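# Structural overview for review
Here is how the chains run, residue by residue.
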Amino acid sequence: MTETIPSVRGMRDVLFADASRLSHIESVFRLVLEAYSYEEIRTPIVEYEQLFKRGLGESTDAVAKEMYRFLDRDEKWLALRPEGTAAVVRAAIQKNLCYDDRPRLWYMGPMFRYERPQAGRYRQFQHVGAEILGLDDPLSDFELIQIVTDVCSELGISDCVQLHINSIGSSDARALYRNKLVDALQPVSHLLDSDSQTRLTMNPLRILDSKVPATQEILREAPKLMDSLSVESKKRFDKVLNLLEKANIRYKLDHRLVRGLDYYTDTVFEWIGMGVGAQDALCAGGRYDGLTTLLGGKPTPGVGFAAGIERIALLHEQLHEIERSSTDIYVVAMEESHQQYALEVAQLLRSRSDIRVRQHVGQGKIKTKLRWADRSGATWVLILGDNEQRDRTVTLKWLRTKRTQETIPLSDLLTTLYTKLEF
Ligand code: HAM
């Protein structure tokens, strides 16, 4: 027998109820973002790798270790996008979006990172993200947090997520702090975990992110990033916190939150899910006022977030059941000669967008057809034979609890479904 071909490691097939759950979460994001009048943007999945090297930083894990890169037939280095922000900013520069306008954009789509797969961490995963370009008012940071807060409440997961927030200041303040941190950690570097030892030369701020208890202990004595921030950065951050307090949005000040991408400035935030395992960051973002300049555009402030839809689904699954979106009514023609009538009936039902109708395809005994109807999960089966076709009626059989059956005129079908059967 020929060998079968599996899916690529870390890239999953998502089926039935799991797919319905992802769609549900995505549609809640879409509805909320549209209510805030964000406009959709779709950028390509493939970009020049230079975009991410420059935008996210060459030494970040997303670029140095995890990026899917390849040479195309023109010998150009391309990359599968590891995230959406750099591409949105690239598009805004290319399409002149930020100069006359202050766009508020949202996007959705697959991202790719060559990470070690585990629950909640995949090599292809789905983001819904939003970006505001051209506004540096703290109100814009707040608006994005408010959007995610609304989404969590709409999804019924608010009680199980916690907003962590920090300010990492300007790049100058961070450079100053980086030196202080390296000076403080160098003498005890042998006590740090091995990842943090590498980061001490590559990306020292990421050491603050370490989950290793021994490293956390050492960090307790290390200088604090907040102490290196400028007066303006501190004031700005206070305004964001103030807005959150006024809106009753609970947050946790997390001075060790630094984020893994280099473009961030000032406010950074992350929503942590409770009880979802090691991959507990469900959504994250922050301000990136230097990114447009890094990518060759005129200086334009920016702020945004991206939500990991699969991780939100893991939390949602623990709290809410979701129905597999499939069939309500299964339409069966007794013989081939009844097929045309069956098509007409199915189309009539489909004219109501809330009824999901599957028509039986293929010949065979009626018993087999009814077995397929049962397997489809449908609540009702419509059976159409000689009598029904002649009298323009339908035989409606309840497949679930009652299993009763009645024949009604086609003209009464919709009213019967909605009123008598409380569809
Ligand atoms: P990020 O923190 O790298 O930020 O990704 C955002 C979210 O994507 C994470 O919080 C997590 O839920 C999800 N995620 C990341 N990696 C994986 C993975 N391997 N498998 C499953 N889910 C994952 C960004 O990408 C920024 N672009 C966010 C942003 C937008 N900042 C400003 N604007």
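As a reminder, the structure under discussion sits directly above these lines.
Structure report, in brief. (Residues numbered from 1 in each chain as written. Predicted model: local features only at pLDDT ≥ 70, side-chain atom pairs only at ≥ 80, totals over all residues. Heavy atoms only, no water.)

## Describing the sheet that holds strand β15 (residues 393–398)
Ordered by their spatial adjacency, 5 strands build an open sheet running β13-β12-β14-β15-β16, and the pairing between neighbours is mixed. Whereas interior strands pair on both sides, the edge strands pair on one side only; in this sheet they are β13 (357–359) and β16 (405–409). For this sheet, the mean inter-axis angle between neighbouring strands, taken without regard to orientation, is 25°. Across 4 bridges, strand β14 (residues 380–384) lies against β15 in antiparallel orientation. Across the sheet, the residue bridging to I383 is T395, located in β15. Strands in contact with helix α13 (residues 339–350) are β12 (329–333), β13, β14 and β15; relative to β13, the strand with the most contacts, it is inclined by about 165°. (Pairing = 2+ DSSP bridges. Helix = DSSP H or I, 4+ residues; strand = E, 2+ residues; numbered from the N terminus. Axes fitted to C-alpha atoms, helices over the stretch in contact; angles between N-to-C directions. Contact = heavy atoms within 4.5 Å.)

## Considering helix α2 (residues 49–56)
Buried within α2 are the following residues: E49, L51, F52, G55 and L56. For α2, the arc enclosing every buried residue in end-on projection is 155°, short of the 170-degree limit, so these residues lie on one face. Looking at the buried side of α2, the elements it contacts are β2 (46–48), α3 (61–64), β3 (69–71), β4 (77–80), α4 (85–94) and α11 (291–294). Of the residues one or two after α2, G57 is the one with positive phi, at around 105°. (Buried < 20%, exposed > 50% of the residue type's maximum accessible area, 1.4 Å probe, protein only. Arc of directions from axis to C-beta.)

## Looking at the sheet that holds strand β1 (residues 39–40)
In spatial order, the strands read β1-β5-β6-β11-β10-β9-β7-β8; together these 8 strands make up an open sheet with mixed pairing. Edge positions in the sheet fall to β1 and β8 (252–253), since each has one partner strand and no second. Pairing between strand β7 (residues 161–167) and β8: 2 bridges, direction parallel. Counterpart to I165 in the pairing with β8 is L253. Packing of α4 onto the sheet brings it into contact with β5 (104–112) and β6 (124–133), and relative to β6 it is tilted by some 45°. Contacts from helix α10 (residues 231–246) reach β7, β8, β9 (265–273) and β10 (281–287), with the element oriented near 160° to β7.

## Comments concerning the site of the ligand
Neighbouring residues of the ligand: 26 residues in total, closest E83, E115, H127, Y264 and A281. Between the ligand and H127 there is a distance of 2.7 Å, counted from an oxygen atom to a side-chain nitrogen or oxygen. Between a nitrogen atom of the ligand and a main-chain N or O atom of G304, the distance comes to 3.4 Å. Within the complex, 96% of the 660 Å² of free accessible area of the ligand lies under protein. For the shell around the ligand, the secondary-structure elements that each account for two or more residues are β6, β10 and β11 (302–308). Residues of the shell around the ligand, tallied by class, amount to 12 nonpolar, 7 polar and 7 charged. (Near = heavy atom within 4 Å. Polar contact = N/O pair within 3.5 Å; in protein donor to acceptor, adjacent residues only side chain to side chain. Areas by Shrake-Rupley, 256 points an atom, 1.4 Å probe, with all protein chains shown as cover. Nonpolar A, V, L, I, M, F, W, Y, C, P; charged D, E, K, R; others polar.)

## A short note on the nonpolar core
Ranked by internal contacts, the top residues of the largest apolar core, which has 81 residues, are F29 and F305. If you tally residues by element for this core, the top one is helix α6 (residues 138–155), at 8 residues. Not counting chain neighbours up to four residues away, the residues in contact with F29 comprise V128, V151, F305, A307, I309 and I312. Residues I355, V357, V394 and L396 belong to the second largest nonpolar core, which totals 22 residues. (Core = buried A, V, L, I, M, F, W, Y, C linked by side-chain atoms within 4.5 Å.)

## Considering the packing of aromatic side chains
For the structure shown, the criterion picks out 6 aromatic pairs. Measuring from centroid to centroid gives 5.5 Å for F269 and W271, while their planes differ by 65°, and the two rings are edge-to-face. By relative accessible area, W271 is classed as buried at 4%. Within the aromatic cluster, the residues linked to one another by ring pairs are Y263, Y264 and Y288. (Phe/Tyr/Trp six-rings, centres within 6.5 Å; stacked < 30°, edge-to-face > 60°.)

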